[in-house]
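Close look at the chain arrangement
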Amino acid sequence: MANTTLTANSRRLLLALILAAAASWLHSSPTSAHAAYESSSPAFAEQLSESPTKITIRFTQELFRREGANTMELARTTSSDLLDVYEIGPVQISNDDRKVMTAHINVELPPGRYAVLWSNLSAEDGDEDSGWLIFYVSADPEPWQIQEDRKIAQELLIAYPGDTEEDPSAADAPATATPTVVRTAEADSEISLGVGPIIWLALGALAAMVVVAALGYRLGRRGRAG
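Read on for a plain summary of the structure. (Residues numbered from 1 in each chain as written. Predicted model: local features only at pLDDT ≥ 70, side-chain atom pairs only at ≥ 80, totals over all residues. Heavy atoms only, no water.)

A count of helical and extended segments in the protein chain gives 4 helices and 9 strands. Starting at the N terminus and ending at the C terminus, the protein chain contains elements arranged as α-β-β-β-β-β-β-β-β-β-α-α-α. Classification of the 226 residues of the protein chain by burial places 33% in the buried group. Restricting to contacts in the protein chain with at least 6 residues of sequence separation, those with at least 24 account for 68%. Of the roughly 13,800 Å² of accessible surface on the protein chain, 56% is carried by carbon and sulfur atoms. (Helix = DSSP H or I, 4+ residues; strand = E, 2+ residues; numbered from the N terminus. Buried < 20%, exposed > 50% of the residue type's maximum accessible area, 1.4 Å probe, protein only. Contact = heavy atoms within 4.5 Å. Areas by Shrake-Rupley, 256 points an atom, 1.4 Å probe, with all protein chains shown as cover.)

With mixed pairing, 5 strands are arranged side by side in an open sheet as β2-β9-β8-β4-β5. Across the chains shown, the open sheet's two edge strands, defined by having one partner strand only, are β2 (46-48) and β5 (82-86). Taken pair by pair, the neighbouring strands of this sheet meet at an average axis angle of 30 degrees, ignoring direction. Bridge count for strand β4 (residues 71-77) against strand β8 (residues 112-121) is 6 bridges, and the pairing is antiparallel. Bridge pairing in β8 places Glu 73 opposite Leu 117. Most of the contacts of helix α2 (residues 143-156) go to strand β9 (residues 128-137), to which it runs at about 150 degrees, and overall it touches β8 and β9. (Pairing = 2+ DSSP bridges. Axes fitted to C-alpha atoms, helices over the stretch in contact; angles between N-to-C directions.)

Let us now look at unusual backbone geometry. A cis amide bond links Ser 41 to the next residue, Pro 42, at an omega of 0 degrees. Relative to the elements of secondary structure, Pro 42 occurs in the loop between β1 (37-41) and β2. In this structure, Ser 138 is a non-glycine residue whose phi angle is positive, near 50 degrees. Summarising the element assignment, Ser 138 is placed in the loop between β9 and α2. In this model, Leu 157 sits at a positive phi of 65 degrees, which is unusual for a non-glycine residue. Relative to the helices and strands, Leu 157 resides in the loop between α2 and α3 (168-172). Among the residues examined, Leu 157 registers a relative accessible area of 77% and is labelled exposed.

This paragraph deals with the nonpolar core. Counting residues in hydrophobic clusters, the biggest one holds 33 residues, and the most contacted among them are Phe 44, Met 72, Leu 74 and Trp 118. Looking at this core, the elements that each hand over two or more residues are β3 (54-59), β4, β7 (100-104), β8, β9 and α2. (Core = buried A, V, L, I, M, F, W, Y, C linked by side-chain atoms within 4.5 Å.)

Quick look at the pattern of salt bridges now. Counted by the stated rule, this structure contains 6 salt bridges. With a closest N to O distance of 2.7 Å, Asp 149 and Arg 113 form a salt bridge. One end of the pair, Asp 149, is in helix α2; the other, Arg 113, is in strand β8, with 36 residues separating them in the sequence. With respect to class, Asp 149 is no different from Arg 113; both count as buried. In this structure, the salt-bridge partner of Asp 163 is Arg 150, at a minimum N-O distance of 2.8 Å. Note that Asp 163 is positioned in the loop between α2 and α3 and Arg 150 in helix α2, a separation of 13 residues in sequence. Exposure remark for Arg 150: the relative accessible area of 15% places this residue in the buried category. Each of the salt bridges in this network shares a partner with another, and the network as a whole consists of Glu 38, Arg 58 and Asp 97. (Salt bridge = Lys/Arg side-chain N within 4 Å of Asp/Glu carboxyl O.)

See the structure below:
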């Protein structure tokens, strides 16, 4: 009878430990997301007949207004070089829709292929993101440019214009260099997991200590009784 009681108590204590560990894991597991590219004007790889007056990009999450966190840089490009860098107006986040940011172009862009390097900071989860927007002014893309644009579209998780499914030729195409000023967004040092996960981790550790102490005490009593 004593062995049955000890086994039942041990199972209850083990179940408590498992539940505590599961709660700790669920509350300490971070969610990974960001304000990803959704659409833009000019659209990705769009061929314009004249120079645009502004650039508008819409993202999947609202943006956090912080100086230097949401940016755009505009340049005329070749396969691996920036031919000309153009100064554009300051980035503005719409008050009506904080998923949208806009920058005005104050100069006439000559014919060519253009790249907009953007970066942002999500107001929903504090994650940073960055990427490229490609468009053309009074120019048709060459085959190697189409291949490169398809690779950039894949990085943005969007379809290349006119593609209804993945193009096998794009996957087999040789890799080409992207503009050299690509930067990887760094984690925001001001964003932390908070105290919630730490508390649950501490409770999980405490539960484990209680189980070990209880089992040791019961086994000791069992040994003395024998």
